[in-house]
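Residue strings, one per chain:
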Amino acid sequence: MATSAVARETVFALRRQIAKIEGTLPERLEAPAGAAPVDAPRNPTADVTLQNPTADIPPQDLTIVRRGLAVAPPDAFLRTGAEGLDTALSGGLPKAALSEIHGAATRDAGAVAGFALSLVSLILKQGPRLPVLWIGTAEIFREAGFPYARGLHALFGIEPEQLLFSEAPRLLDALWTAEEAARMTALAAVILEIRGSPQRLDLTATRRLHARAQNAGRPVFLLRQAGEPEPTAAPVRLVLSAAPSAPRETIAGPLAGSIGRPAFTVSIGKSRTALPGQFTLEWNPDERSFEERRTGEERAANPVPVVSASRRGKDPAAASGAVLAFPAVGSPAPGDQPSPGERAAHRRPRRAG
């Protein structure tokens, strides 16, 4: 028992040291049972000395995000609407940060782009409807194409004129454009789409993008196509692939042979505050939010809402009599003369030949 307790203390000390290096404050970690609380380290070079940064904020509303920023309010994160994913990410994706969305194969480019557009729709739903800049090389747009304008409005509520595209001839130009755009507050978000695993997309380049996003308070989404998962400065990396759409739900149950909402398989590939996990999300274009796919048992426990049948009141309406919209054929009303087009010669049956 003593050896086990020493091992737990050693593991916790290592986790605390890793948290310092990665930028997560120690309060994010769960201390072992019986461990004494340790004060957070102070930064002697900081401009402002925080004596008690959490004095006026309830403990349940505090979220530790990185070293140098003690606490962050809940609105610092972009909630997807899927409780499982948001809980695993400790509140959602950080708004003022670089987030990596990785597709392992070229065939996942559509799912990666659709997921990024869903996140943009969530951003525009919450704040001012500023334009979004999508940056990529000619190879990217030639391989994966451009989003369909009518689909942008129908599925994501994004007006075509709100989505701006920048096609760069080289990766170096695309990175420079993304760095300059990431510092602008006139954009709701910046999307940088990269194919493969280029050498120029290293830790230094991603650190610059992450720093620009933090200073501007705007998200930068790094879309990776058919590349190996390499170290980047993004606090969160999500691995995306398309998931089979479930049948449409009706009052009588799932409609066989139908195609339901767009679905994504989302895996947490890297996170400073979350463990690896996998989720199947469905995009609701009407509510503009994600929903985690439910199992058969959960659907049975939570059926589709159905309007209850009307009950007989105290004074039910009298039964209506027989109503004829048109007079019977061959029995014209007295005094009516058939028009030339309705004479008997024109009412003869068609000949089979």
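Above this text sits the structure in question.
Thresholds, definitions, all that
Residues numbered from 1 in each chain as written. Predicted model: local features only at pLDDT ≥ 70, side-chain atom pairs only at ≥ 80, totals over all residues. Heavy atoms only, no water. Helix = DSSP H or I, 4+ residues; strand = E, 2+ residues; numbered from the N terminus. Buried < 20%, exposed > 50% of the residue type's maximum accessible area, 1.4 Å probe, protein only. Contact = heavy atoms within 4.5 Å. Pairing = 2+ DSSP bridges. Axes fitted to C-alpha atoms, helices over the stretch in contact; angles between N-to-C directions. Phe/Tyr/Trp six-rings, centres within 6.5 Å; stacked < 30°, edge-to-face > 60°. Core = buried A, V, L, I, M, F, W, Y, C linked by side-chain atoms within 4.5 Å. Expected span 1.5 Å × (residues − 1). Arc of directions from axis to C-beta. Polar contact = N/O pair within 3.5 Å; in protein donor to acceptor, adjacent residues only side chain to side chain. Parallel < 35°, antiparallel > 145°, perpendicular 65-115°, else oblique. Left-handed = near helix turned anticlockwise from the far one by under 90°. Nonpolar A, V, L, I, M, F, W, Y, C, P; charged D, E, K, R; others polar.

**Quick look at the overall build of the protein chain**
Secondary structure summary: the protein chain contains eight helices and 13 strands in total. The buried share of the protein chain, taken over its 353 residues, is 36%. Pairs at least 24 apart in sequence give 67% of the contacts found in the protein chain among residues at least 6 apart.

**Quick notes on the sheet that holds strand β4 (residues 132-137)**
Strand order in this open sheet of nine strands is β5-β4-β6-β7-β3-β8-β11-β12-β13, and the pairing throughout is mixed. Of all strands in the sheet, those bounded by a partner on one side alone are β5 (163-168) and β13 (289-292). If you compare each strand with its neighbour and ignore which way they point, the axes differ by 30° on average. Together, β3 (98-103), β6 (189-195) and β7 (220-225) form the strand contacts of helix α7 (residues 203-216), whose direction differs from that of β3 by roughly 130°.

**Thoughts on the pairing of strand β12 (residues 278-284)**
With five of seven residues buried, β12 lies mostly within the body of the structure. Relative to β12, strand β11 (residues 263-271) is paired through five bridges, and the arrangement is antiparallel. Of the residues in β12, the one forming a bridge with phenylalanine 264 is leucine 281. If you look at the hairpin formed by β11 and β12, you'll find six residues sitting between the two strands.

**A word on the packing of aromatic side chains**
By the definition in use, this model includes nine aromatic pairs. Geometrically, the ring pair formed by phenylalanine 141 and phenylalanine 165 is edge-to-face, given 5.9 Å between the ring centres and 85° between the ring planes. Of the two residues, phenylalanine 141 is situated in helix α4 (residues 138-144) and phenylalanine 165 in strand β5; the sequence distance between them amounts to 24 residues. Residue class for phenylalanine 165 comes out partly exposed when judged on its relative accessible area of 33%.

**Some thoughts on the nonpolar core**
Ranked by size, the top nonpolar core spans 41 residues in total, and within it Ile101, Phe115, Leu119 and Phe290 carry the most contacts. Broken down by element, the residue count for this core peaks at 11 residues, all from helix α3 (residues 109-126). Grouped together as the second largest cluster of nonpolar side chains are 20 residues, Leu171, Ala182, Val220 and Ala234 included.

**Let's talk about the side chain of glutamine 225**
Within the secondary structure layout, glutamine 225 lies in strand β7. Glutamine 225 has contacts with Gly103, Ala109, Ile140, Ala144, Glu193, Ile194, Arg195 and Gly196, leaving out every residue within four places of it along the chain.

**Things to note about α7**
Taking 1.5 Å per residue as the helical rise, α7 with its 14 residues ought to reach 20 Å, and the 20 Å between its terminal C-alpha atoms agrees with that figure. Buried within α7 we find Ala205, Thr206, Leu209, His210, Arg212, Ala213 and Ala216. The buried side chains of α7 occupy one side of the element, clustering within an arc of 160° when seen end-on. Where α7 is buried, its residues touch β3, α6 (171-182), β6 and β7.

**A few points about the environment of lysine 95**
Following the sequence through the fold, lysine 95 ends up in the loop between β2 (93-94) and β3. Here lysine 95 falls in the partly exposed class, since its relative accessible area comes to 26%. Along the sequence, lysine 95 and arginine 218 sit 123 residues apart, while their C-alpha atoms lie 6.0 Å from each other. Contacts of lysine 95, omitting those with residues within four sequence positions, involve Asp75, Ala76, Phe77, Leu78, Gln126, Arg218 and Pro219. Here glutamine 126 takes part through its side chain, which lies 3.1 Å from a polar atom of the side chain of lysine 95.

**A few points about the pairing of β3**
Among the six residues in β3, six count as buried, and that is most of the element. Judged by which residues are buried, β3 turns out to be covered on both faces: Leu98, Glu100 and His102 on one side and Ser99, Ile101 and Gly103 on the other are all buried. By the bridge criterion, six bridges tie β3 to β7 in an arrangement that is parallel. In the sheet register, serine 99 faces β7, and the bridge partner there is phenylalanine 221. With five bridges connecting them, β3 and strand β8 (residues 236-243) associate as parallel partners. Note that in β8 the partner of isoleucine 101 across the bridge is leucine 238.

**Here we look at unusual backbone geometry**
Phi is positive for serine 90, close to 60°, though the residue is something other than glycine. Tracing the backbone through its elements, the reader meets serine 90 in the loop between α2 (83-88) and β2. For arginine 288, which is not glycine, the phi torsion reads 55° and is therefore positive. Residue position: arginine 288 is located in the loop between β12 and β13. The exposure class of arginine 288 is partly exposed, given its relative accessible area of 28%.

**Looking at the packing of α6 against α7**
Geometrically, a packed helix pair is captured by the angle between its two axes and the distance between the axes. Their axes nearest at 8 Å, the elements α6 and α7 cross at an angle of 20°. With respect to each other, α6 and α7 are oriented roughly parallel. Relative to α7, the crossing made by α6 is left-handed. Residues Ala178, Glu179, Glu180 and Ala182 of α6 touch α7, and the partners they reach there are Ala205, Arg208, Leu209, Arg212, Ala213 and Ala216. Residues that form the contact of α6 with α7 fall into these classes: six nonpolar, no polar and four charged.

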